[in-house]
Amino acid sequence: MDDPQARARARRNPMPVPSHDRHFYSHLRAFGRFGIRIFEPVVMPQPHWHGHIELNFAANFRMAYDIDGTRLILPENRLILFWAGVPHQLTAIQPVDEGPIKLANIYLPLDSFLQMRHIMALQAAMIGRGMVMLPESLCDAGLMQRWYLDYRSGDFERAEIVKMELNALFRRASITGFDFLRPPQHEIGTDRNLSSAHVRHVIDMVRFVLENLDKPLLNAQVTQVTGLHENYALTLFSRTMQVPLKMFINRMRLMRARALLVESSIAVSEVAEQCGFSSLTQFYAQFRAGYGMPPAALRQHYVQMDLR
């Protein structure tokens, strides 16, 4: 029911977040945060994109999907994943039996996905803008519901276990095999092709960044892990990841800082140091630009959420 007094109170005391994550998306195209939802699907009016590896499980219906201009039919009751940094749109819904139709979405941050071990083939496929369907035996609606309940519990440990189980699922799929609904698209320009070996170089650079965020990072240090010429490696990175290396490093520093603020009680100055910012002034300026508020305000918001 519409409550004018509630609306007036909301205008007087606007909640500063959770808009911070949307602010981060809109201004810096952040790579995202972890999330799960289960809902009744609706056709999307236009394509969109965001910073996750997205997993879809369509219970009792098929989806017509447009991904980067390619129309695909996604089968029912199968777990399908792709890099959502590619424009995508759900264009049609086709029920297949009498049961209720539900769409489960898992949003896995790209940095978390690329830190997972022993799934190189899957990582290369995602960065190459492929769409992958995992074996039916590995995932069903019951598993999706359990993961959803773990996520909705608000318990950090249970959410971390879900991520560990996702990594194990991906590893098992890498052994048993998976199907491509859309093969990787390795073109990076009109006259040059990006091979799977080049994609692996990009993954190596990403991993190096994530493992060394607490240190100053020069382009030459990061590209050295590839054995390629620095300028060529930088070109591969920016065209594959759709963002320059320096901006990617800054995003990852901010995302690490946000996680430390929410999940620990260490001092803001120590957060800045652990995330590789050269000064507190730089940290405050970049954090406010990315999240729309100072670090302490974001931490306080989550403390208040825990107390509710």
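Before any of the text, the structure's been laid out above.
Values in this document were obtained by computation on a predicted structure and should not be read as measured data.

Asker: Would you mind going over the overall build of the chain with me for this structure?
Answerer: Across its full length, the chain carries 13 helices and 9 strands. Taking as baseline every contact in the chain between residues at least 6 positions apart, the subset at least 24 positions apart corresponds to 73%. Within the structure as shown, the chain displays about 15,600 Å² of accessible surface, and the carbon and sulfur contribution to it stands at 52%.

Asker: So what exactly am I meant to see when it comes to helix α10 (residues 245–263) here?
Answerer: The periodicity of an α-helix, 3.6 residues per turn, causes residues three or four places apart in sequence to face the same way. Here α10 spans 27 Å end to end across 19 residues, near enough to the 27 Å set by a 1.5 Å rise per residue. All of the buried residues in α10 are L245, F248, I249, R251, M252, R253, L254, M255, A257, R258, L260 and L261.

Asker: Help me understand the sheet that holds strand β8 (residues 131–133), please; the structure alone is not making it clear to me.
Answerer: What links the strands of a sheet is backbone hydrogen bonding, and the strands pair in either a parallel or an antiparallel sense. On the basis of which strands lie adjacent, the open sheet formed by 6 strands has the order β1-β7-β2-β5-β8-β9 and antiparallel pairing. Since the sheet does not close on itself, it has two edges, and those belong to β1 (35–39) and β9 (179–182), each with one partner. Neighbour to neighbour, the strand axes of the sheet diverge by 20° on average, direction disregarded. For strand β5 (residues 79–83) and β8, the ladder comprises 3 bridges, and the chain directions are antiparallel. Across the sheet, L81 pairs through a bridge with V132, a residue of β8.

Asker: Whenever I open this one, the nonpolar core confuses me. Can you help?
Answerer: Among soluble globular proteins, nonpolar side chains are generally buried collectively. By size, the foremost hydrophobic cluster in this structure holds 71 residues, and its most contacted members are F113, F170 and M241. With 9 residues, the top contributor of residues to this core is α10. Excluding residues within four positions of it along the chain, F113 makes contact with I53, L108, I119, L122, Q123, M126 and F170.

Asker: Explain the packing of α10 against helix α12 (residues 280–291) to me, please; I cannot follow it from the model alone.
Answerer: Each pair of packed helices gets described by two things: the angle between the helix axes and the distance between those axes. At a minimum axis separation of 11 Å, α10 and α12 run at an interaxial angle of 90°. In terms of orientation, α10 and α12 fall into the roughly perpendicular class. Between α10 and α12, the contacting residues are N250, L254, M255, A257, R258 and L261 on the first element and F283, Q286, F287 and Y291 on the second.

Asker: Sorry if this is basic, but what is going on with the side chain of H88 here?
Answerer: Note that H88 resides in strand β6 (residues 88–95). For H88, the side chain forms a polar contact with the side chain of E54, separated by 3.4 Å. Apart from residues no more than four positions distant in its own chain, H88 is found in contact with M44, P47, H48, W49, H50, E54, Y65, D66, I67 and F82.

Asker: Quick question: what am I supposed to make of the side chain of N56 here?
Answerer: Tracing the backbone through its elements, the reader meets N56 in strand β2 (residues 52–59). In this structure N56 comes out as buried when scored by relative accessible area, which is 1%. Separated by 2.4 Å, the side chains of N56 and N105 make a polar contact. Here N56 is in contact with M63, Y65, L74, R78, L79, I80, F82, L103, A104 and N105, once residues within four sequence places are set aside.

Asker: Before we go on, may I ask you to explain the packing of aromatic side chains in this structure?
Answerer: The way to describe two aromatic rings as a pair is by their centre distance and the angle between their planes. Under the criterion given, the structure shown has 8 aromatic pairs. With a centroid separation of 5.3 Å and 70° between ring planes, the pair formed by F237 and F248 is classed as edge-to-face. One end of the pair, F237, is in helix α9 (residues 230–241); the other, F248, is in helix α10, with 11 residues separating them in the sequence. Per residue, the accessibility class of F237 equals that of F248, and both read buried. Their ring planes at 50° and their centres at 4.9 Å tell us that F277 and F283 sit as a pair that is tilted. Residue classification places F277 among the buried residues on the basis of a relative accessible area of 9%. An aromatic cluster of at least three residues, connected via ring pairs, comprises F277, F283, Y284 and F287. Against the face of F39 rests R37, its NZ or CZ located 3.9 Å from the ring centre.

How each quantity is defined
Every chain's residues receive numbers from 1 upward, in the order its sequence appears when written. The model is predicted, so local features are restricted to residues of pLDDT at least 70 and side-chain atom pairs to those at 80 or more, both for listing and for counting; the totals for chains, interfaces and linings are taken over all residues. Excluding hydrogens and water, the side-chain figures rest on all heavy atoms present in the structure. Secondary structure elements are defined from DSSP: runs of H or I of at least 4 residues count as helices, runs of E of at least 2 residues count as strands, and each element is numbered from the N terminus. Two residues qualify as a contact provided that any one of their heavy atoms is within 4.5 Å of a heavy atom in the partner residue. Per-residue accessibility takes into account occlusion by the displayed protein chains alone, with areas from the Shrake-Rupley method and a 1.4 Å probe. Expected span of a helix, by definition, is 1.5 Å for each gap between consecutive residues, and there is one gap fewer than residues. Exposure is judged per residue with a 1.4 Å probe applied to protein chains only, and the accessible area is read against the type maximum: over 50% gives exposed, under 20% gives buried, and values in between give partly exposed. By this definition, two strands are paired if DSSP reports at least two bridges between them. Note on geometry: axes are C-alpha line fits, over the in-contact stretch for helices, and angles between N-to-C directions span 0 to 180 degrees. Remark: nonpolar core denotes a set of buried residues (Ala, Val, Leu, Ile, Met, Phe, Trp, Tyr, Cys) joined through side-chain atoms within 4.5 Å. Every angle not falling under 35 degrees, over 145, or within 65 to 115 is termed oblique; those three ranges are roughly parallel, roughly antiparallel and roughly perpendicular. Under the rule applied, a polar contact is a pair of N or O atoms within 3.5 Å (in protein, one hydrogen donor and one hydrogen acceptor; residues adjacent in sequence only if both atoms are side-chain atoms). Classification of ring pairs rests on two measures: the distance between centres of Phe, Tyr or Trp rings, Trp counted by its six-membered ring, which must be within 6.5 Å, and the angle between planes, read as stacked under 30 degrees, edge-to-face over 60 and tilted in between. Only when the NZ atom of a Lys or the CZ atom of an Arg is both within 6 Å of the ring centre and within 35 degrees of the ring normal do we say a charge sits over the ring.

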